[in-house]
Amino acid sequence: MPKRRSLLAASLALPAIVSRAQAQERPVQLLVGFTPGGNIDLAARMAAPFFEKYLGQQVIVVNRPGAGGMIMLNEVAAAVPDGRTAALVSFPALVTALYDNRPRYTVDSFAYVGLLTDEPYTIFVGPNSPYRSLADLVAAARTQPETITMAGAGVGSAPHLALMQLERAAGVRFTWVPTPGAGQAMQLVQGGHVAGSISTVSLTVRAHIQGTLRVLALMSESRWDRAPELPTTGEAGWPLEAGSARGFALPAATPAPVVQRWEEAVRRTAQDPEFKAMTDRDYLILRYMDRAAMTAFVQRENAAYGAIWRSTPWKAS
């Protein structure tokens, strides 16, 4: 009888073991809140193979564009917390939506498992543009208020807020042309349909070197050693800093062992020599933070943009 009970117990436990094994084999969805081809999408697709290696599961990048990433963030916040739905989160977009929109998430809706990159923005124009410098572009906006068009993700997006910094500092007004993502904005610029745009160095510097667009300035305190020929906004007379940081998040209720496994995957990806070589090749700037540091970073971003919103809202509420 004891032997029979042991066999019965083993047979009852088998479905649970199989179910766990099948869950491990099912692919992970890494959600991106923007269209394919932009800087955020490219960063996710670069990291995905390394996550596969360190998680031991297939990772599929899934685009959920719309509302500046908010649609995707709402989905991930409400997803089953089993580690198979993750988000590439971008800052400041995650926190700015809390003030200029009505998302179904808060900063506490996620378990932040690691920051991977942090890049300054560039201000750029088309290759045949008459504007040879940032001073030229600002002068045109001063003589033709609200007629110089700049394209990028929706109103209140990080690139739009960066342009608003320039407008306030220089005392000019541009016209913002919203697009689904950075890739579409770049196409508009290269096609001569808008005067310029703002995006990260990883999306623009290679194209600048190839001559398919012209970077006018880096929105950074100092020049970047990978492209030392690019001037900063400060050198043109407007010392501004703006950019986009990106990391990864799971639903807040995800069990601790799963969160730890993801945190380890992000850390190992950041330290992987092959990944570092790829980021160097593609002008992507690594800035790794572990879970605790990223969580603190999110809280600081939330406080900073909340203060900006209360003093100078960037769109009508």
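Within every chain, residues take consecutive numbers counted from 1 along the sequence as written. Local features in a predicted model are, by the rule used here, given only for residues with pLDDT of at least 70; side-chain atom pairs are given and counted only at 80 or more, and totals for whole chains, interfaces and linings are based on all residues. The side-chain numbers reported here are obtained from all heavy atoms of the structure, hydrogens and water having been left aside.

Side note on the overall build of the protein chain
Moving on, step 1. In DSSP terms, a helix is any run of H or I states spanning at least four residues, a strand is any run of E spanning at least two, and both are numbered starting from the N terminus. Within the protein chain one finds 11 helices and 10 strands.
Moving on, step 2. In terms of principal-axis extent, the alpha carbons of the protein chain reach across some 95 × 40 × 30 Å.
Moving on, step 3. It only takes one pair of heavy atoms within 4.5 Å for two residues to be counted as in contact. The long-range fraction of contacts in the protein chain, counting pairs at least 24 apart against all pairs at least 6 apart in sequence, stands at 77%.
Moving on, step 4. In the structure as shown, the protein chain presents an accessible area of about 14,200 Å², 55% of it carried by carbon and sulfur atoms.
Moving on, step 5. Charged residues are defined here as Lys and Arg on the positive side and Asp and Glu on the negative side; His and the ends of the chain fall outside this count. To locate a charge, the coordinates of NZ of Lys, CZ of Arg, CG of Asp or CD of Glu are taken. Across the protein chain, the 30 positively charged side chains and the 25 negatively charged ones have centroids separated by 8 Å. Here the Shrake-Rupley method, with its probe set to 1.4 Å, supplies the accessible areas, and only the displayed protein chains count as covering residues.

Observations concerning the pattern of salt bridges
Moving on, step 1. Any carboxyl oxygen of Asp or Glu that lies within 4 Å of a side-chain nitrogen of Lys or Arg is treated as forming a salt bridge with it. Under the definition given, this model contains 13 salt bridges.
Moving on, step 2. A salt bridge links Asp272 to Lys53; the shortest N-O distance between them is 2.8 Å. Placement of the pair is Asp272 in the loop between helix 9 (256-271) and helix 10 (273-281) and Lys53 in helix 2 (residues 39-55), with a sequence separation of 219 residues.
Moving on, step 3. Residue Asp272 is classed as buried on the basis of its relative accessible area of 5%.
Moving on, step 4. Three exposure classes are used, based on accessible area relative to the maximum for each residue type with a 1.4 Å probe and protein chains only: buried under 20%, partly exposed in between, and exposed over 50%. Take Lys53: its relative accessible area is 46%, and that puts it in the partly exposed class.
Moving on, step 5. Notably, a salt bridge pairs Glu119 with Arg246, separated by 2.7 Å at the nearest N-O pair. Of this pair, Glu119 sits in strand 4 (residues 110-125) while Arg246 sits in strand 9 (residues 243-251), placing them 127 residues apart in sequence.

Comments concerning the packing of helix 2 against helix 9
Moving on, step 1. Axes here mean lines fitted to C-alpha atoms, for a helix over just the part in contact, with angles spanning 0 to 180 degrees between N-to-C directions. Between helix 2 and helix 9, the least distance of the axes is 9 Å, while the angle of their chain directions is 125 degrees. As far as their axial angle goes, helix 9 and helix 2 are oblique. Crossing geometry of helix 2 relative to helix 9 is assigned as right-handed. When helix 2 is examined against helix 9, the residues Phe50, Phe51, Tyr54 and Leu55 are found in contact with a partner set consisting of Arg261, Trp262, Ala265, Val266, Arg268 and Thr269.
Moving on, step 2. The residue classification treats Ala, Val, Leu, Ile, Met, Phe, Trp, Tyr, Cys and Pro as nonpolar and Asp, Glu, Lys and Arg as charged. All others, Gly included, are polar. Partitioning the contact of helix 2 with helix 9 into residue classes produces seven nonpolar, one polar and two charged. When an angle is under 35 degrees it counts as roughly parallel; over 145 it counts as roughly antiparallel; between 65 and 115 it counts as roughly perpendicular; any other value is oblique. It is the rotation of the near helix from the far one that decides the hand of a crossing: anticlockwise by less than a right angle makes it left-handed, clockwise makes it right-handed.

A look at the pairing of strand 9
Moving on, step 1. The buried count for strand 9 comes to eight of nine residues, which makes it a mostly enclosed element.
Moving on, step 2. Any two strands with at least two DSSP bridges between them are considered paired. Pairing analysis gives five bridges linking strand 3 (residues 85-91) to strand 9, with the strands arranged antiparallel. Residue pairing in the sheet places Phe91 in a bridge with Ala245 of strand 9.
Moving on, step 3. Direction of pairing for strand 4 relative to strand 9: antiparallel, over a ladder of nine bridges. Bridge assignment links Pro120 to a residue of strand 9, and that residue is Gly243.

A closer look at the packing of helix 2 against helix 10
Moving on, step 1. Two elements in contact, helix 2 and helix 10, have axes separated by 11 Å at closest approach and are oriented at 180 degrees. With respect to their mutual orientation, helix 2 and helix 10 come out roughly antiparallel. Taking contact as the criterion, the partners of Met46, Ala47, Phe50 and Lys53 in helix 2 are, on helix 10, Glu274, Phe275, Met278 and Thr279.
Moving on, step 2. When the residues that make up the contact of helix 2 with helix 10 are grouped by side-chain class, the tally is five nonpolar, one polar and two charged.

Details of helix 11 (residues 291-311)
Moving on, step 1. Given a rise of 1.5 Å per residue, 21 residues ought to cover 30 Å, and the 31 Å separating the end C-alpha atoms of helix 11 matches this to within 8%.
Moving on, step 2. For helix 11, the elements touching its buried residues are strand 3, helix 4 (93-100), strand 4, helix 6 (158-170), strand 9 and strand 10 (286-289).
Moving on, step 3. Here helix 11 starts with a cap whose side-chain oxygen sits 3.3 Å from the backbone nitrogen of Ala292, and that cap is Asp290. In this scheme, a helix's expected span is set at 1.5 Å multiplied by one less than its residue total. Polar contact is defined as a pair of N or O atoms within 3.5 Å, subject to the rule that within protein one atom must be able to donate a hydrogen and the other to accept it, and that residues adjacent in sequence are counted only when both atoms are side-chain atoms.

Quick word on the packing of aromatic side chains
Moving on, step 1. Any Phe, Tyr or Trp ring, taking Trp's six-membered ring, that has another such ring centre within 6.5 Å forms a pair; planes under 30 degrees apart are called stacked, those over 60 apart edge-to-face, and the others tilted. Tallied over the full model, the rule gives nine aromatic pairs.
Moving on, step 2. Taking 5.2 Å as the distance between ring centres and 75 degrees as the angle between the ring planes, the aromatic pair formed by Phe50 and Phe275 counts as edge-to-face. Highlighted residues: Phe50 in helix 2 and Phe275 in helix 10, separated in sequence by 225 residues. Both residues of the pair, Phe50 and Phe275, belong to the buried class.
Moving on, step 3. When the ring of Trp224 is compared with that of Tyr283, the centres are 6.0 Å apart and the planes differ by 70 degrees; the resulting orientation is edge-to-face. Remark: Tyr283 occurs in the loop between helix 10 and strand 10 and Trp224 occurs in the loop between strand 8 (214-218) and strand 9; sequence separation between them is 59 residues.

Quick word on the pairing of strand 2 (residues 59-63)
Moving on, step 1. In terms of burial, strand 2 is largely enclosed, as four of its five residues are buried.
Moving on, step 2. Across five bridges, strand 1 (residues 28-32) lies against strand 2 in parallel orientation. Each bridged residue has a counterpart across the sheet, and for Val28 the counterpart in strand 2 is Val59.
Moving on, step 3. Looking down the strands as they point away from the viewer, one classifies a crossover as right-handed if the path from the first strand across the helix to the second runs clockwise. Handedness of the crossover joining strand 1 and strand 2 through helix 2: right-handed.

Regarding the nonpolar core
Moving on, step 1. Ranked by size, the top nonpolar core spans 31 residues in total, and within it Leu30, Phe51, Leu88, Phe248 and Trp262 carry the most contacts.
Moving on, step 2. Ranked by residues supplied to this core, first place goes to helix 2 with 10 residues.
Moving on, step 3. Beyond its immediate chain neighbours, meaning those up to four positions away, Phe51 contacts Leu30, Gly56, Val59, Phe248, Trp262, Ala265, Val266 and Thr269.
Moving on, step 4. Counting residues in each nonpolar core, the second largest holds 28 residues, with Val62, Phe91, Leu115 and Met164 among its members. Nonpolar cores are built from buried Ala, Val, Leu, Ile, Met, Phe, Trp, Tyr and Cys residues. Side-chain atoms within 4.5 Å join them into one set.

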